[in-house]
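# Geometric and topological summary
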Amino acid sequence: MIKNYIKIAFRHLAKNKSYTIINTLGLGVGLAACIIIGLWVIYELGYDDYHKNSEQIYRVLNGDVAAIPPTLAPAFKSDYPDLAEEVIRFWPIKSPSDIVYEDKQFAERNITFTDPGVFNVFTHPMIMGDKETALSSSHRIVISESVAEKYFGEETPLGKTLNMWGQDLEVTGVFEDVPLNSHHRYDFLVPIELLQTFMGNMMENWTWSGFYTYMLLPENVHPTQVETAIASTFDKYTEEDFPAPQLQPLNDIYFGSAEKDIAVTGNFNYVFILASIAIIVLVVACVNFMNLSTAYSTMRKKEVGMRKTLGAQRNQLIGQFLGEAILLSLLGLSVALLLVEITLPFFSNFTGNPLTMPYQNSWGAILGFIGLALFVGILSGSYPAFFLSRFRPIQALKDTSKINSSGEGLRKGLVVFQFVISTFLIVAALTVYSQLNYMQEKDLGFSDEQVLITGAENYQAFKTELEKAPGVQKVSAAQSVPGVRFPYYPIRTIDMAPDSLPTMRTLRINPGFIETLGIEMVIGRSFDEQIPTDATQAFVINQAAMNYLGWDDPIGKELSWYDFSEDGSSFEIAKQGEVIGVVDDFNYASLHNPVEPLVIHVSHDINMTVIRLHTENTGEAIAQIKETWNSVTPGSYFWYYFLDDELDRQYGAEQKLGQVFGGLTLLALFIACLGLFGLTTFSTQQRTKEIGIRKVMGAGVQQIILLLNTEVVKMVALSLIIAIPISWYTMNQWLADFAFRIEIGPGIFALSGGVALVIALLTVSWQSIKAAVANPVDSLRSE
Amino acid sequence: MIQLIDIDKYIDKRFQRTFILKRINLEVKEGDFVTIMGPSGAGKSTLLNIIGFLDDASEGEYTFLSKPAHNLTEKQKSDYHKSHIGFVFQAYHLIDELTVYENIEMPLLYRKVKSKQRQAMVAEMLDKFNIVAKKDLFPQQLSGGQQQVVGVARAIIGSPKLLLADEPTGNLHSEQSEQIMEIFKKLNEDGVTIIQVTHSEKMVSYGNRIINLKDGVLVEQDPY
């Protein structure tokens, strides 16, 4: 019996080639999209899962701030030894530092100071060295496998000496590279004891929030217990008011970004959105299948009638047609696997996630894929099976040639449904693109083009040399630049209550910075190198700060700015002075956020040189700058980036979303068109005789095309009416994430509708035109 | 074997009831070869379909093999189709995707006959109707007469007690028609009860009973 079913299924598929190709291709593309997005989602959700104890590892947050004082870990460990198996700290170096081995020298970014117990908390298998003692004294360093190869090649790294910050460190271990789906990245681990020798007293400072603290809890300890214990530790050792501590599970870190976080973070919403769209694309493919199989059911009518007459029961017929659907979806699966094989490398490359098909742990994956195909087969095959097996034999046998009008309304409904989804996706993709475009094109309040950022060692000499270079327009320096979060520092004005000490984002610069970036002064003046007091007792604020402080006329107003005291144990007034000017609210952070109040003052505490280049010969200018750098700071590594590139990178997540969105939209549209194409092929075949008669009666080609296309126009119009409100609402929700955003105008809807309509018409016109220009004699004779 | 008492078949449309069959009383005994005749639209096919459980009577009693048969479930109907009744149609209704061999085999699949036995039975049919050479051809590759031979072979492979034929020779020319009717005659001699619907006077002579229908009413039985 089954053999008979399979035989008839294959012969039916072989006979109706366009039907088979459309269905297999549609299901294949849908499944491929689903599999790829599925792999990506699994990868995203699997961040940090590779640690053996990932369930018991927590990060300590102060309120929602990820960076906390260095003092907590040792104090907690000695006061509550039973509550945590291990407590360790991370202090990642934020800017590149040079690591030297004999004649090799590289500026390295992934250097982290940590406690010796790090390997008890996190799972980083050691290739060489003993994980217990590797970091147990100050002048040691543990490196990753790839770094070991970079510095030592074939040599044994153990016992070699690396130089960092002028200190000779002995390599005592090599660990396997940190997997990419990890929220932290490090290639070098250095004992925190070494940091002690540089920082001294600061390490006892309860207000220096710069350390990331992780705990491995014993199985019987509940996180809330530990939270309470941390709170009492803070109360015991410090007067400072800290927000309530929280334990953040390790697996939540990737999606739950915290303030002052350095972790790699993902956006759970985007994972959710893309997963939903992938499923929608698959549903569209399934709908296609249902639609086509019910349309083509006329061809199977006689078979159903005959089988019933010969004693087939309905459930046997349902089984047969369901089996055919599953067969088709298995065919689709093989197309999908082929497509995945071809496209996965591009997608991996593009998302930066190293995705691979999980063929290694083969059985699970193969069963999973077959399960997916079965699911799709049953999902899309159940309605057609029900529909086909319902035919009464006597009717099925009587008019085999008659148009199968039953279910036509439903078929049209399904086409409308597909176009609702397609239109929705087009609107969504266009909105994402427009918002991205808006963010990249928006006037940020300064000019970010042709601005090169590099290090600021030996700055004065560097600047003097640079100003002579022909490719360079202006040179200045700052502690930070737009695109990097500016830190908060306490400030006070005379109007404030004596015990309040609000914080404000602070930018420390050298004179000329405002001019180099082209930031506009709204009131007053900028810093002037010629006026000595500008460096010691002058502030520039932005408009947001002016509003925040409630000043109508800020010029001359007094302001105090606080920094850590010498021993690092508390804050003290570091600068007192007058406001000399107000700058325009330039967007120094990403456009997700509104512009926060900002105070700017002159400082020697600078990290970055800001260079504005002339527009032509950028390459030459970079070469000049590099040469200058090497001459003024010999032996130091030259790094640089362009400010506009870095600012664009802030929208990387949106960019990727936009591109994946665009891709999926095209896929959904493609599948919907396949379906529409199949249906028109079928319905024009059915109407061949009608068209022939109409032509004999004198209808022209145009009239026939119009007749055949009106239907499609109506369906697309209906789907537009349904899709517009849904997409308008949804995309406004998405835009709510942005402080600076576009409005969704009628233009986007008009464009989306136009695109959907044009594509639909192109799809059906080929068939309509073919039918319309056919010689009526042929079509009438064949009947 | 078959007893119809006051069988009505009607369609209700708005306030009007249109009768297709009205007060049909008919008895068919085992071994009969009945021919139903009458003009177009007289209700011949409907009567045949009711007898073959492809259609339900609106009213009346139907006894099949001494069991009441006017209220059967789908399951019971398909059981009768499987074991007692064979059908032959004017348009042959062979399944285009199956070969001659597979078409003839199909009823056996629904009756769950074992593979070996199936082969033997199909081979016997192919032999009986002299179509062994055509067994791997598809229906479109056969002439109308040959298709109908396959249709008959398919109908009787399950050795039904009753063979229902709706204009079996309607699409065939006379030589082919005679071939089919000879087959029917032989089957009838072997004990199969046959009811056929036909227009053709010539085909009547093969049967032993004639029923004339006009406008849904049985007007004449056994005019000879």
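Quantities reported herein were computed from a predicted structural model and do not represent experimental measurements. (Residues numbered from 1 in each chain as written. Chains lettered and ligands numbered in written order. Predicted model: local features only at pLDDT ≥ 70, side-chain atom pairs only at ≥ 80, totals over all residues.)

## Focus: the overall build of chain A
Secondary structure summary: chain A contains 25 helices and 23 strands in total. Residues counted as buried form 40% of the 783 residues belonging to chain A. Contacts spanning at least 24 positions in sequence make up 84% of the contacts within chain A whose residues lie at least 6 apart. (Helix = DSSP H or I, 4+ residues; strand = E, 2+ residues; numbered from the N terminus. Buried ≥ 20, exposed ≤ 12 C-beta atoms within 10 Å, placed from the backbone. Contact = placed C-beta atoms within 7 Å.)

## Some thoughts on the overall build of chain B
Scanning chain B from N- to C-terminus turns up seven helices and 10 strands. Against the globule reference of 17 Å for 224 residues, chain B gives a C-alpha radius of gyration of 18 Å, in line with a compact fold. The principal-axis extent of the C-alpha atoms belonging to chain B is close to 55 × 40 × 35 Å. Taking contacts inside chain B between residues at least 6 apart in sequence as the whole, the part at least 24 apart equals 71%. (Rg over C-alpha atoms; globule rule 2.2 N^0.38 Å.)

## Remarks on the domain arrangement of chain A
Split into domains, chain A comes out as domain 1 (1-41 + 268-406) and domain 2 (54-253). Relative placement of domain 1 of chain A and domain 2 of chain A: their C-alpha centres are 52 Å apart. (Domains from an automatic or database assignment.)

## Quick look at the sheet that holds strand β2 (residues 16-28) of chain B
Residue and element names in this part refer to chain B. In space, the four strands of this open sheet follow the order β2-β1-β4-β5, with antiparallel pairing throughout. Edge positions in the sheet fall to β2 and β5 (67-68), since each has one partner strand and no second. Across five bridges, strand β1 (residues 2-13) lies against strand β4 (residues 59-64) in antiparallel orientation. Across the sheet, the residue bridging to I2 is F64, located in β4. (Pairing = 2+ DSSP bridges.)

## Brief notes about the interface of chain B and chain A
Counting residues at the interface gives 20 residues for chain B, matched by 19 residues for chain A. Taken together, the residues of the side of chain B that touches chain A break down into nine nonpolar, four polar and seven charged. (Nonpolar A, V, L, I, M, F, W, Y, C, P; charged D, E, K, R; others polar.)

## Here we look at the pairing of strand β10 (residues 188-191) of chain A
All names here are of chain A. Covered by surrounding structure in β10 are F188 and V190 together with L189 and P191, the residues of both alternating faces. In terms of strand pairing, strand β5 (residues 111-114) meets β10 through four bridges, oriented parallel. Of the residues in β10, the one forming a bridge with I111 is F188.

## Observations regarding the pairing of strand β2 (residues 86-92) of chain A
All names here are of chain A. Most of β2 is tucked away: six of the seven residues are buried. In the sheet, β2 pairs with strand β11 (residues 212-216) via five bridges, with the strands oriented antiparallel. Each residue of the ladder has a partner; that of I88, found in β11, is Y214. Across three bridges, the pairing between β2 and β5 is antiparallel.

## Some thoughts on the environment of Y488 of chain A
Residues and elements named next belong to chain A. Here Y488 lies in strand β15 (residues 488-492). On the neighbour-count criterion, Y488 (14 C-beta atoms within 10 Å) is partly exposed. For the pair formed by Y488 and Y433, sequence separation is 55 residues and the distance between their alpha carbons is 33 Å. Setting aside residues up to four positions removed in sequence, Y488 forms contacts with T503, M504 and R505.

## Here we look at the nonpolar core
Residues and elements named next belong to chain A. Residues A33, V281, L664 and A668 are the most contacted members of the largest nonpolar core, which totals 145 residues. Dropping the residues within four chain positions of it, A33 is found in contact with A278, V281, L664 and L667. If you look at the next biggest cluster of nonpolar residues, it comprises 54 residues, including I99, F188, I192 and V226. (Core = buried A, V, L, I, M, F, W, Y, C linked by C-beta atoms within 7 Å.)

## Section: unusual backbone geometry
Trans is the common state for peptide bonds, and a negative phi is the common state for residues other than glycine. All names here are of chain A. Within the chain, Q450 stands out as a residue other than glycine whose phi angle is a positive 60°. Following the sequence through the fold, Q450 ends up in the loop between α14 (408-441) and β13 (451-455). By C-beta crowding, Q450 is classed as partly exposed, having 18 other C-beta atoms within 10 Å. Phi at N458 is positive, roughly 50°, even though this residue is not glycine. As for its position among the elements, N458 is in the loop between β13 and α15 (459-468). Residue N458 is classed as partly exposed on the basis of its C-beta count, with 15 C-beta atoms lying within 10 Å.

## Some details on the environment of Y10 of chain B
Residue and element names in this part refer to chain B. Among the secondary structure elements, Y10 is positioned in strand β1. A sequence separation of 167 residues divides Y10 from S177, and the C-alpha atoms of the two residues are 33 Å apart. Y10 has contacts with R17, T18, F19, I20 and S58, leaving out every residue within four places of it along the chain.

## Looking at the confidence of the model for chain B
All names here are of chain B. Averaged over chain B, the pLDDT score is 87; the fraction of residues at 70 or greater is 98%. Of all helices and strands in chain B, the one with the weakest mean pLDDT is strand β10 (residues 217-221) (76), whereas strand β8 (residues 193-197) scores best (93). Model confidence for the complex: the whole-complex pTM is 0.73, and ipTM, which rates the interface, is 0.75. (pLDDT = per-residue confidence, 0-100.)

## So, the packing of helix α3 (residues 100-110) of chain B against helix α4 (residues 115-128) of chain B
All names here are of chain B. Where α3 meets α4, the closest approach of the two axes is 10 Å, and the angle between their N-to-C directions is 125°. Here α3 is positioned oblique relative to α4, judged by the angle of their axes. Taken as a pair, α3 and α4 cross one another with a handedness that is right-handed. Touching Y101, I104, E105 and L108 of α3 are R118, M121, V122 and M125, all from α4. Of the residues assigned to the contact of α3 with α4, the class counts are six nonpolar, no polar and two charged. (Axes fitted to C-alpha atoms, helices over the stretch in contact; angles between N-to-C directions. Parallel < 35°, antiparallel > 145°, perpendicular 65-115°, else oblique. Left-handed = near helix turned anticlockwise from the far one by under 90°.)

## Observations regarding the packing of helix α2 (residues 17-45) of chain A against helix α21 (residues 652-686) of chain A
Residue and element names in this part refer to chain A. Here α2 crosses α21 at 165°, and the two axes come no closer than 10 Å. In terms of orientation, α2 and α21 fall into the roughly antiparallel class. As α2 packs across α21, the resulting crossing turns out to be left-handed. Here S18, Y19, I22, L25, G26, V29, G30 and A33 of α2 come into contact with α21, specifically with L664, L667, F670, I671, L674, G675, F677, G678 and T681.

## Description of helix α22 (residues 688-696) of chain A
Every α-helix winds through 3.6 residues per turn, so residues three or four apart in the chain are directed the same way. All buried positions along α22 of chain A are accounted for by I691, G692 and K695 of chain A. The buried residues of α22 of chain A all sit within an arc of 100° when viewed along its axis, so they share a single face. (Arc of directions from axis to C-beta.)

## Some thoughts on helix α3 (residues 72-79) of chain A
All names here are of chain A. All buried positions along α3 are accounted for by L72, A73 and F76. One side of α3 carries all its buried residues, which in axial view fall inside an arc of 95°. Against the buried residues of α3 lie β1 (57-62), β2, β11 and α7 (223-237).

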